[in-house]
Amino acid sequence: QPTGSCCLPTGFCIIETAANCSAQNGVYNGDNTICEGQDCPIVLTPFVDPLTIPAVATPASGTSGGAAHYNLAMVEFNQQLHSELPPTRVWGYGGTYPGPTIEAFKDQTVTVNWINDLRNSTNPGLGQLRTSHVFPVDTCLHGPDMTGEVPVTVVHLHGAKVAPESDGDPDTAYPPGQQVLFTYPNPQAAATMWYHDHALGITRLNVYMGLAGFYLIRDAQENALNLPRGHNEIPLVIQDRSFNPGGSLKYHATLEDNFFGDFMLVNGKVWPYLDVRRGKYRFRIVNGCNSRALTLSLVEDVDPITFHQIGTDLGLKSAPLAINSITLLPAERADIVIDFAQFPAGRELYLVNSAVAPFPSGAPDSVVRNVMKFNITATAGDTDPLPASLVPVPTPDPSLAARTRWLELRNFADAHCPSHPDGTWMINGLLWDDLTELPRENSYEIWSWVNRSTFTHPMHIHLVRFQILDRQAFNVVNNQVVPTGPLIPPDPTEVGWKDTVQATPNQITRVIARFEGFRGIFPYHCHLLEHEDHEMMRRFQVVCTADFDDGTGTGTPDGGVTIDDFLYYLVIFENGDPGADVDDGSSTGTLDGGVTIDDLLYYLFRFEAGC
Ligand SMILES: [Cu+2]
């Protein structure tokens, strides 16, 4: 019997006869072929594993869903990601991937002791504290050029209104054996948030290993709405991954501009299925991919099935929106309701993806279509109607904006690490240490993302929630951006409170935010993790309301409150400059669009206090 190389579904290659190869579900490559040089694809059967739902985190003290304290350790362990794969080494908070879901309530403080206990053993607690990463670390990048191969970590609660010292400053990532206590006061509306690693220069590697989990904040307003809840409310984090033969996670050997995996995982399972009751389900979806965009639709065969979007990144929409598909870039969330009561028991529906990678200019064969499957059972579910309206979502008045910032997204040759052939994505050509955005506390600002590329960059601003005003095309004339054409309103699925916006190619995307809650320095960045790790991340500083000038008379805050600020303010107050609007008489820093004595009094109060 002649033999040849045989690709097994596990990705391994063996020398076998054709008959023995096919008996093992292998692909026979021909008589006398050899394994060397064979790149055997891993073949996994879709929809054979049930969806796992992350456990709700158990507090060390306090109450889940209210004020509570948690201890969560980042640990290394094995977890089976598909029944046809051996267990895979992953990292997870609290020993699961994804980590446990933290249930929180508006204005009730959660504290978490985040422990970096990554060890070179998949038995948590055993082995030595890690001094190197599972993946190759690019020690030329900002971050690892200081921390080396060590798997430093730091947690960012994405979407949280939180003080800078608990925001997960990427610069403060810490090595195995250390821990930090973060405080989340939750002064914000109900939303689907998620926590994930944010270590400077290795976020892509740490998140890829599994460091992510849900943080759901609820409030009385949402609870008063009759939305699907309990076992009819399920969070779904969608992430693409690739595997080596044997099931270990596969990632690039060197830094590349993107990572696109071959398989789609939902809550840590490859292509899972979910048995559903005949009724409504609320799914809180996070695009947790490193780089891959998702355009999600629900199909039985080809025709998309209508479902409802009820929320955006940072809260509920004003009313449910009937849609057939939704596009989410990494870190964006969608809160959706699917009504399975419209189908008889036994029917099978599929959540599928149609977004090319990179988005939106990738090749058609870059799409990973399968996401997950729903099996409709005979059991009755939640058949209550959706509320016709949800919560008020007032759009901030653009005329209140103290300033508009122009933020150009461009690719440059990498001066710091010339070995990177794809160059580096930068914001205004500036770096992490260039602190040039200093919004005043409580002021509104419009940030214009000017995307001079053919890829969509999901731009995330920490601390704040914002709304998208519009988009506009531009021409580049003599290397200057010249806006052209009409202002395009945001897609209906983007209307609502956001913390991450699709800065679309060759367009100016304008968002408006109020910089409120905390003063201090926070990051803003592209949420394509390969870009974020490679300079597409900068910082802004929320400064005192009384900080108006640096002595140059140009209205440039400098992070301090001195007589310069007072003199500058007096001039713009006297002129009735709209920028002098700092209060509406309520002494809360609420703007009213007019300049009156209230503003001067509030200014004086904040000036005297020095903030
Ligand atoms: Cu980017």
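Residues numbered from 1 in each chain as written. Predicted model: local features only at pLDDT ≥ 70, side-chain atom pairs only at ≥ 80, totals over all residues. Heavy atoms only, no water.

**Q** An account of the overall build of the chain is requested, with residue identities and associated values reported.
**A** Tallying secondary structure elements over the chain gives seven helices and 36 strands in all. At 25 Å, the chain has a C-alpha radius of gyration in line with the 25 Å of a compact globule built from 611 residues. Sorting the 611 residues of the chain into buried and exposed places 57% on the buried side. Contacts spanning at least 24 positions in sequence make up 72% of the contacts within the chain whose residues lie at least 6 apart. A total accessible area of about 22600 Å² is found for the chain, and carbon and sulfur atoms account for 53% of it. The chain carries 36 positive and 70 negative side-chain charges, and their two centres are separated by 6 Å. (Helix = DSSP H or I, 4+ residues; strand = E, 2+ residues; numbered from the N terminus. Rg over C-alpha atoms; globule rule 2.2 N^0.38 Å. Buried < 20%, exposed > 50% of the residue type's maximum accessible area, 1.4 Å probe, protein only. Contact = heavy atoms within 4.5 Å. Areas by Shrake-Rupley, 256 points an atom, 1.4 Å probe, with all protein chains shown as cover. Lys, Arg positive; Asp, Glu negative; His and termini not counted. Charge placed at Lys NZ, Arg CZ, Asp CG, Glu CD.)

**Q** Go over the state of the cysteines with me, naming the residues and quoting the values.
**A** Within this structure, the stated rule accounts for five disulfides. Shown here is the disulfide that connects C7 with C40, its sulfur atoms set 2.0 Å apart. Judged by the sign of its S-S torsion, about -70°, the cystine formed by C7 and C40 is left-handed. Residue C7 is located in strand β1 (residues 3-7), and its partner C40 is located in the loop between β3 (27-31) and β4 (49-50); the two are separated by 33 residues in the primary sequence. (Disulfide = S-S within 2.5 Å.)

**Q** With reference to specific residues and values, describe the nonpolar core.
**A** In terms of nonpolar packing, the biggest core is built from 95 residues, with I102, W114, Y184, F243, F283 and F374 touching the most fellow members. When residues in this core are grouped by element, the largest group, six residues, is from strand β6 (residues 68-79). Counting contributing residues per domain, this core is built from domain 2 (49-223) and domain 3 (230-380), each supplying no fewer than three. With near-sequence residues (within four places) excluded, Y184 lies in contact with Q108, T109, V110, V112, W114, V155, L157, V162, S166 and Y215. Core analysis: the second largest hydrophobic core is formed by 24 residues, L407, L463, V464 and F466 among them. (Core = buried A, V, L, I, M, F, W, Y, C linked by side-chain atoms within 4.5 Å. Domains from an automatic or database assignment.)

**Q** So, the sheet that holds β3: which residues are in play, and what are the values?
**A** Taking strand neighbours across the sheet as the criterion, the three strands line up as β2-β1-β3 in an open arrangement whose pairing is antiparallel. For this open sheet the edge positions go to β2 (13-17) and β3, each flanked by a neighbour on one side alone. Pairwise comparison of adjacent strand axes, ignoring direction, gives a mean angle of 35° for this sheet. Here β1 runs beside β3; their pairing, made up of three bridges, is antiparallel. Of the residues in β3, the one forming a bridge with G4 is D31. (Pairing = 2+ DSSP bridges. Axes fitted to C-alpha atoms, helices over the stretch in contact; angles between N-to-C directions.)

**Q** Summarise the environment of E532; cite the residues concerned and give the values.
**A** Looking at the secondary structure, you find E532 in helix α5 (residues 529-532). Separated by 503 residues in the primary sequence, E532 and N29 have C-alpha atoms spaced 41 Å apart. E532 has contacts with H198, T203, H525, C526, H527 and M537, leaving out every residue within four places of it along the chain.

**Q** Hey, could you go over a nonpolar patch on the surface for me, with residue numbers and the actual values?
**A** On the surface, a cluster of nonpolar side chains totalling about 250 Å² of accessible area is made up of I563, L567 and L570. Within the fold, I563 resides in helix α6 (residues 563-575). Relative accessible area serves as the criterion here: at 48%, I563 is assigned to the partly exposed category. (Patch = residues over 30% accessible without salt bridge, like charges linked within 9 Å, V, L, I, M, F, W, Y side chains within 5 Å. Salt bridge = Lys/Arg side-chain N within 4 Å of Asp/Glu carboxyl O.)

**Q** Which residues make up the domain arrangement of the chain, and what are the values?
**A** The domain boundaries assigned to the chain delineate domain 1 (1-41), domain 2 (49-223), domain 3 (230-380) and domain 4 (545-611). On a C-alpha basis, the centres of domain 1 and domain 2 stand 41 Å from each other.

**Q** Residues and numbers for the pattern of salt bridges, please.
**A** Should the charged atoms of two oppositely charged side chains come close, the side chains can pair. Overall, the coordinates contain 28 salt bridges when judged by the stated rule. Across the pair R510 and D470 runs a salt bridge whose closest N-O atoms are separated by 2.9 Å. Of the two residues, R510 is situated in strand β34 (residues 507-514) and D470 in strand β31 (residues 466-477); the sequence distance between them amounts to 40 residues. Overall, R510 belongs to the partly exposed group, its relative accessible area being 24%.

**Q** Quick rundown of the pairing of strand β32 (residues 480-488)? Include the residues and the values.
**A** Relative to β32, β31 runs antiparallel, the two sharing six bridges. Along β32, the bridge assignment pairs A473 with T484.

**Q** Please set out the pairing of strand β12 (residues 191-197) residue by residue, giving values where relevant.
**A** Burial analysis of β12 places seven of its seven residues in the buried class, the great majority of the element. Both strand β10 (residues 155-158) and β12 contribute to a ladder of four bridges, which runs antiparallel. Looking across to β12, one finds that L157 is bridged to Y195.

**Q** Can you explain the side chain of T192? Please cite residues and give values.
**A** Relative to the assigned elements, T192 resides in strand β12. By relative accessible area, T192 is classed as buried at 4%. There is a polar contact of 2.7 Å between the side chain of T192 and the side chain of R284. Here T192 is in contact with F214, Y215, L216, R284, V286, D313, R333 and D335, once residues within four sequence places are set aside. (Polar contact = N/O pair within 3.5 Å; in protein donor to acceptor, adjacent residues only side chain to side chain.)

**Q** How would you summarise the packing of α6 against helix α7 (residues 597-609) if you had to cite specific residues and measurements?
**A** Running from amino to carboxyl end, α6 crosses α7 at an angle of 180°, the nearest separation of the two axes being 11 Å. Judged by the angle between their axes, α6 and α7 are roughly antiparallel. In this structure, α6 uses I563, D565, F566, Y569, L570 and F573 to contact α7, whose residues at the interface are I597, D599, L600, Y603, L604 and F607. Broken down by class, the residue content of the contact of α6 with α7 amounts to ten nonpolar, no polar and two charged. (Parallel < 35°, antiparallel > 145°, perpendicular 65-115°, else oblique. Nonpolar A, V, L, I, M, F, W, Y, C, P; charged D, E, K, R; others polar.)

**Q** I'd like a description of the side chain of D138, backed by residues and values.
**A** In this structure, D138 sits in the loop between β9 (110-116) and α2 (144-147). Comment: no salt bridge for buried D138; closest opposite-charge side chain is R204, at 5.3 Å. From its side chain, D138 meets the backbone nitrogen of C140 in a polar contact 3.0 Å long. A distance of 2.6 Å separates the side chain of D138 from the side chain of H420, its partner in a polar contact. Setting aside residues up to four positions removed in sequence, D138 forms contacts with P144, R204, L255 and H420.

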